[in-house]
Amino acid sequence: QGIKRDGLYGFVDAKGRLRIANRYEDIGQFKEGLAPVKILGKWGFVNTNDNITINPDFESAQEFEDGLAIVKRNGKTGFINKEGKTILPLRYDLVERLTANKFLIMTGTRHGLSDDKGNVLIEPRFDKIQDLQNGYVIVEQDKKFGLLTLEGLSTIPLTYDKLIYDGERNLYLGLKRMAWLTPELN
């Protein structure tokens with residue numbers, strides 16, 4: 001557990017004994033044996049023995065989960081493994097962990113999808129993306145909705161004003177609004 005003393009952070013054990021000295025500018029929590037720590041304005045990772053395992057080279061770093069941590073360098077985000085190896089290149093404006101080992105990746109306001117191996121499943125080109133966790137995603141672009149496979153193949157074209165998935169019945173409900181027609185007056 002982290003503690004702060006004299007403006008610096010360290011870690012204590014379950015009995016409150018100091019285990020890692022207060023020498024860090026900021027810290028995260030230990031997860032999977034590593035904790036993010038901030039030294040001289042940069043984030044890296046230490047193990048429970050206070051050994052730096054991943055050099056402080058990041059603007060920000062999240063805790064490890066399932067062997068991966070989201071990190072940011074030079075304003076771009078990606079993720080690394082516990083050895084510090086880049087798995088998803090740090091070239092995205094935002095990376096968020098989703099469920100089922102998938103990550104939302106964003107460039108500007110455009111959304112895409114990556115897996116936990118660093119493979120970009122769908123390039124960031126949509127306004128919104130919703131992983132249905134069944135091998136498909138609902139995408140929105142220019143206020144139109146459609147359905148893609150995780151390989152990016154169009155299953156339902158981007159022509160609907162609304163698209164909803166009913167998981168219980170395994171059905172997709174699509175709404176298409178018709179344009180108003182006005183008769184011409186002569």
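Here goes a summary of the coordinates provided. As the structure is a prediction and not an experimental result, all values here were calculated from the model.

## Considerations on the side chain of Thr149
Its place among the elements puts Thr149 in strand β18 (residues 144–149). The exposure class of Thr149 is buried, given its relative accessible area of 13%. Those residues in contact with Thr149 that lie beyond four places of it in its chain are Ile122, Gly135, Tyr136 and Thr155.

## Observations concerning the nonpolar core
Core analysis: the largest hydrophobic core is formed by eleven residues, namely Leu34, Trp43, Phe45, Ile54, Phe58, Ala61, Phe64, Ala69, Val71, Ile80 and Leu90. Within the residue set of this core, elements represented by two or more residues are β6 (42–47), β7 (52–58) and β9 (68–73). In this view, Phe58 contacts Lys42, Trp43, Val71, Lys72, Arg73, Ile80 and Leu90; residues no more than four positions away in its chain are not counted. Core analysis: the second largest hydrophobic core is formed by ten residues, Met106, Phe126, Ile129 and Val139 among them.

## Focus: the sheet that holds strand β8 (residues 60–61)
With respect to topology, four strands assemble into an open sheet ordered β8-β9-β10-β11, the strand pairing being antiparallel. Sheet topology places β8 and β11 (86–92) at the edges, where each strand pairs with a single neighbour. Where β8 lies against β9, two bridges are found, and the strand directions are antiparallel. From the neighbouring strand, Ser60 faces β9, where its bridge partner is Lys72.

Reading guide: rules and limits
Residues numbered from 1 in each chain as written. Predicted model: local features only at pLDDT ≥ 70, side-chain atom pairs only at ≥ 80, totals over all residues. Heavy atoms only, no water. Helix = DSSP H or I, 4+ residues; strand = E, 2+ residues; numbered from the N terminus. Buried < 20%, exposed > 50% of the residue type's maximum accessible area, 1.4 Å probe, protein only. Contact = heavy atoms within 4.5 Å. Core = buried A, V, L, I, M, F, W, Y, C linked by side-chain atoms within 4.5 Å. Pairing = 2+ DSSP bridges.

Fair warning: the whole summary comes from geometry, so function is off the table for now.
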